[in-house]
Amino acid sequence: MISNFLIIAWRNLSKHRVFSFINIFGLAIGIAASLLIFQYARFELSYDRFEPKGDRVFRLEQDRFNNGKLSTQWAAGAAGIGKLVKDNLPEVESYAHLHGTNGLVVNYKDKEFRENNTVFFANDAFLPMFGYTAQKGMQAESLKDVNTAVMTASAARRYFGSEDPIGKVISMNKKKDFRVTAVVSDPPPNTHFHFDILLSFATFIQMNGPGAETAWGWDGFYTYLLLRPGTDPAAFEKKMADLVHSQWGPQMKDTKEGIAFHLQPLRDIHLYSNYMFESETNGNGRAVYFLLVIALFIIVIAWINYINLSTARSVDRAREVGVRKVLGSYRTQLVGQFVFESLLINALAVILGLLLVIGCLPVFNVITGKQISFSLLAEGWFWLVLTGLFLAGTFFSGFYPALVLSSFKPIAVLKGRLAGTGHGALLRQSLVVFQFAASVVLMVGTFAVYRQLRFMQTLDLGIRVDRTMVLKGPNVIDSTYMAKLSAFKEEMLHEPGIVSMTASTEVPGNKVKWNAGGIRLVGSDPTRVQQYRVLGVDYDFMKTYGFHFLKGRDFSKEFRSDSAAVIFNEAAVRQLGFGQPGEALNKRIEFWGKQYTIVGVVSNHHQESPQAAYDAHIFRLIPEVTDYYSIRFHGDENHSEAVMQAAKRQWAAFFPGNPFDYFYLDDHYAQQYKADEQFGKTFGVFAVLAIFISCMGLLGLASFVTIQRTKEIGIRKIIGAGTPGILLLLTRDFVKPVLLSFVLAVPVTWWLLHRWLENYASRIAVSPWMFVLPALLILVIAMGTIATQTLKAASANPSRSLRSE
């Protein structure tokens, strides 16, 4: 029986090559697209799921309040919270305590490297909590003692080569030495926290005092809790809130500041956390699940093609069904035959889809920014998903057509009563409506993502970020630093094409990490304090970046009092309680026990991506800052190379022992759009695939319907019908479901766009043209697809179609 099924199935595939190609190729594209998206989603959803104790590990997220209003949310919060809960709440088995270093120069003998955000101070509980075991050195308490360090295997190779790292001494900024006590494996790519070197937290306490374990107003500390088995997180969070209120409440009441902590499950951090001081850029859970919905749309559209073409050909195969029933075939046998044909088509589609996955994987990696390797073919989940798609495709795309085809009555079939009945037409039109409604949603979504991205990229940022090179400041400095900085700056300004240079604690594109609370107007209510983001800058910062002064003046060496001066932006002025910039001018504020005069007010600028709202910024004059040097120059990209070489030469002369590290600010700032660009590209590619598959199905339907109506067209032409009239006749049955799909898709898409754009502080307006243009494009593509078949039929010689009559 199986061999008979195979012979009949192969004959049908060979006889109708166009329909077979559309089914197989459409299903293959759907399967390949779904597998690629599933692999991407699986990688994103796998973050930190390998941790053996991951279900019991939580990071503490911190909310800070001013006068009862939420002001900031922190991934790295108060220094004292970890020890506080460990000492007072028995549900805590252990706590890991970490603090970043914000860049160090690490030396071993003649080797030196700048470590950017890969070196952390950590207590001894971190490694066992996260399942790290020593490849070399101490298995336990490797970070217990002062001046000890743990390195990853790759970092150890970078510094020591083939030497044994254990016991070796590395130097931080040529000021502090650490002894390597252990080497651990590199953090896997799917973890939210990557590091190269860990330094003992006991050293941090020795350097900064006991407040590093007890202070409530000192932020920037990552705290992870390992809760005991059976602990209810919600109940524990309430106990923690009561503890914080009882221990720190009186101090917070005095300053009108508030603080709250929430448990973040370890496995949720990568996709659902975007707070201040994240250790690295996290993913987007909403985008991942949205791509999974697209994958479902694409594979369902491909299955719909099969169902539509199979049911459309039902009349063509009705005579076969009637003859076989007369000869004694049971309905179950006929169902088996048609399901077997579906199985064969899906098997061929799976093979072709697998080849497409292998061929398209490098391109997919470029689009998504991930590095998915061909090793996925060796993973069990991949074959499980592939088998699931194969079985689901066989069932959904084969079972209904099999029931339809096997249900025909042999007498009615052999008498020709099914001819021209339009059997299954309503279902086919409904499925076409779904296909194109999904395509409209995807195409409008792609258009909106592109427009929002272009809007942000072309938006006036309030500052200049072009033609600016940024040097990461020196870490190894001494008492002559200010003299060297002044001389370095003077030499750079003598280089051809360089316009200005400035030093600052942050540059555009970075989060402002200096968060200052307790700021108020001198003479105002002591309880009316606010939090601001503070940037330390030199005299040339405003000029270099092109800030627009609304009132007042810039910092100037002519005013010796400017050491106690600050500049506010518009948002900071409003937060201080003033309606107009001029009202804040020459007012004095109290800032951590000192008083400062507001000498200028500048317009708001986008320090970060325009996705974020304007922040309240205070610019404070600190000429001796060491974090970043921004160099603005004239000219094009060719001149930027000359500027870089000049800076490198002068750097070696003035700051020996510090690696030369630079970036161009426009590239750095554009990195903030990278996630949106990747999402837009991925969304767009799969939207085009969905439309392509839909049009393939429409092509097949149009081809079959025109074949069925060939004699009707011939008769109509003989009695005087013209080509335009026949085109209209053949086309209108396809245009109706396409137009209906637009009507159904618009309200859904409108709602989705509004929800998505809520994530952007600066955003485009949703206009009718965002729907009209993509809809017209899809309509033109659909009509062009249909016209390739209907035009051929309408212009054919009627004598040929009626020759057999």
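Our subject is the structure that appears above.
K.L.:
For this particular structure, what's the right way to read the overall build of the protein?
P.N.:
Along the protein, the regular secondary structure elements total 26 helices and 24 strands. For the protein, the residues scored as buried account for 52% of the 805 residues in total. Across the protein, every contact between residues at least 6 apart in sequence was considered, and the portion connecting residues at least 24 apart equals 81%. Accessible area for the protein stands at about 35800 Å²; split by element, carbon and sulfur atoms hold 59% of it.

K.L.:
Even after reading the chapter, I still don't get the packing of aromatic side chains, so can you show me in this structure?
P.N.:
A ring pair, where both rings are aromatic, is described by two values, the distance of the centres and the angle of the planes. If you walk through the whole model with that rule in mind, you get 49 aromatic pairs. Ring geometry for Tyr-108 versus Phe-160: centroids 4.5 Å apart, planes at 70°, classification edge-to-face. Of this pair, Tyr-108 sits in strand β4 (residues 104–108) while Phe-160 sits in helix α5 (residues 153–160), and the two are 52 residues apart along the sequence. Phe-160 shares its class with Tyr-108; the two are buried. Looking at Arg-158, its charged tip hangs above the ring of Phe-113, at a distance of 5.1 Å from the centre. In this arrangement the basic side chain of Arg-620 is found over the ring face of Phe-591, its NZ or CZ atom lying 5.6 Å from the centre.

K.L.:
Would you mind going over the pattern of salt bridges with me for this structure?
P.N.:
Oppositely charged side chains can pair when the atoms bearing their charge come close. Counted by the stated rule, this structure contains 24 salt bridges. Between Lys-83 and Asp-87 there is a salt bridge, with the nearest N and O atoms lying 2.9 Å from each other. Within this pair, Lys-83 and its partner Asp-87 are both found in helix α3 (residues 81–88), separated by four residues, close to a single helical turn. Residue Glu-608 is joined to Lys-511 by a salt bridge in which the shortest nitrogen-to-oxygen separation is 3.2 Å.

K.L.:
What exactly am I supposed to notice about the pairing of strand β5 (residues 111–115) here?
P.N.:
Both faces of the sheet carry side chains from a regular strand, because those side chains alternate between them. Taken together, the five bridges between β4 and β5 define a ladder with antiparallel strand orientation. From the neighbouring strand, Val-106 faces β5, where its bridge partner is Phe-113.

K.L.:
Got a minute to help me understand a nonpolar patch on the surface in this structure?
P.N.:
On the surface, a cluster of nonpolar side chains totalling about 340 Å² of accessible area is made up of Leu-348, Ile-351, Leu-355 and Ile-358. Among the structural elements, Leu-348 can be located in helix α12 (residues 331–368). What makes Leu-348 partly exposed here is its relative accessible area of 31%.

K.L.:
Looking at this structure, how should I read the environment of Leu-104?
P.N.:
Inspection of the secondary structure assignment puts Leu-104 in strand β4. Separated by 68 residues in the primary sequence, Leu-104 and Met-172 have C-alpha atoms spaced 6.5 Å apart.

K.L.:
Sorry, what's going on with α3 here?
P.N.:
Residues spaced three or four apart along an α-helix face the same direction, because each turn holds 3.6 residues. Along α3, the residues classified as buried are Ile-81, Gly-82, Leu-84 and Val-85. The buried residues of α3 occupy one face: seen down the axis, they fall within an arc of 165°.

K.L.:
What's the story with the side chain of Asp-676 in this structure? I'm lost.
P.N.:
Structurally, the position occupied by Asp-676 is in helix α22 (residues 674–708). No salt bridge is formed by the buried Asp-676. Its closest oppositely charged neighbour is Arg-286, at 11 Å. In this structure, Asp-676 is in contact with Val-449, Leu-453, Met-456, Gln-611 and Tyr-760, ignoring residues within four places of it in sequence.

K.L.:
Is there a simple way to think about helix α2 (residues 17–45) in this case?
P.N.:
Helix length check: α2 (29 residues) gives 41 Å between terminal C-alpha atoms against 42 Å at 1.5 Å per residue, within 8%. Within α2, 21 of the 29 residues are buried, which leaves it mostly tucked inside the rest of the structure.

K.L.:
Any chance you could explain the environment of Tyr-95 here in plain terms?
P.N.:
Mapping Tyr-95 onto the fold places it in strand β3 (residues 92–100). Between the C-alpha atoms of Tyr-95 and Thr-223, which are 128 residues apart in sequence, the distance is 6.8 Å. Excluding anything up to four places from it in sequence, Tyr-95 contacts Gly-82, Lys-83, Lys-86, Asn-123, Ala-125, Met-129, Glu-213, Tyr-224 and Leu-225.

K.L.:
Got a minute to help me understand unusual backbone geometry in this structure?
P.N.:
Note: most peptide bonds trans; most residues except glycine with negative phi. Although it is not a glycine, Asp-48 adopts a positive phi angle of roughly 65°. Its location among the elements puts Asp-48 in the loop between α2 and β1 (57–66). A positive phi angle is found at Asn-147, which is not glycine, with a value near 65°. Here Asn-147 lies in the loop between β7 (134–137) and β8 (148–152).

K.L.:
In this structure, what is going on with the packing of helix α23 (residues 710–718) against helix α24 (residues 723–757)? I would like to understand it.
P.N.:
Two quantities define a packed helix pair, namely the angle between the helix axes and the distance between the axes. Between α23 and α24, the least distance of the axes is 10 Å, while the angle of their chain directions is 150°. Considering only the axes of α23 and α24, their crossing is right-handed. Residue-level inspection shows Glu-712, Ile-713, Arg-716 and Lys-717 of α23 in contact with α24, the latter providing Thr-723, Ile-726, Leu-729 and Leu-730. Partitioned by chemical class, the residues of the contact of α23 with α24 number four nonpolar, one polar and three charged.

K.L.:
Explain the environment of Ala-41 here, please?
P.N.:
Locating Ala-41 in the fold gives a position in helix α2. Here Ala-41 falls in the buried class, since its relative accessible area comes to 2%. Put simply, Ala-41 and Tyr-289 are 248 residues apart on the chain and 7.6 Å apart in space, counted from C-alpha to C-alpha. For Ala-41, the contacting residues outside a window of four places in its chain are Val-288 and Leu-292.

K.L.:
Could you clarify how one ought to interpret the side chain of His-192 in this entry?
P.N.:
Among the structural elements, His-192 can be located in the loop between β10 (176–184) and β11 (197–200). Separated by 2.8 Å, the side chains of His-192 and Tyr-224 make a polar contact. Not counting residues up to four positions away in its chain, the partners in contact with His-192 are Tyr-47, Asp-48, Arg-59, Tyr-224, Leu-266, Ile-269, Ser-279, Glu-280 and Asn-282.

The rules we used
- Residues numbered from 1 in each chain as written.
- Predicted model: local features only at pLDDT ≥ 70, side-chain atom pairs only at ≥ 80, totals over all residues.
- Heavy atoms only, no water.
- Helix = DSSP H or I, 4+ residues; strand = E, 2+ residues; numbered from the N terminus.
- Buried < 20%, exposed > 50% of the residue type's maximum accessible area, 1.4 Å probe, protein only.
- Contact = heavy atoms within 4.5 Å.
- Areas by Shrake-Rupley, 256 points an atom, 1.4 Å probe, with all protein chains shown as cover.
- Phe/Tyr/Trp six-rings, centres within 6.5 Å; stacked < 30°, edge-to-face > 60°.
- Lys NZ or Arg CZ within 6 Å of the ring centre and 35° of its normal.
- Salt bridge = Lys/Arg side-chain N within 4 Å of Asp/Glu carboxyl O.
- Pairing = 2+ DSSP bridges.
- Patch = residues over 30% accessible without salt bridge, like charges linked within 9 Å, V, L, I, M, F, W, Y side chains within 5 Å.
- Arc of directions from axis to C-beta.
- Lys, Arg positive; Asp, Glu negative; His and termini not counted.
- Expected span 1.5 Å × (residues − 1).
- Axes fitted to C-alpha atoms, helices over the stretch in contact; angles between N-to-C directions.
- Left-handed = near helix turned anticlockwise from the far one by under 90°.
- Nonpolar A, V, L, I, M, F, W, Y, C, P; charged D, E, K, R; others polar.
- Polar contact = N/O pair within 3.5 Å; in protein donor to acceptor, adjacent residues only side chain to side chain.

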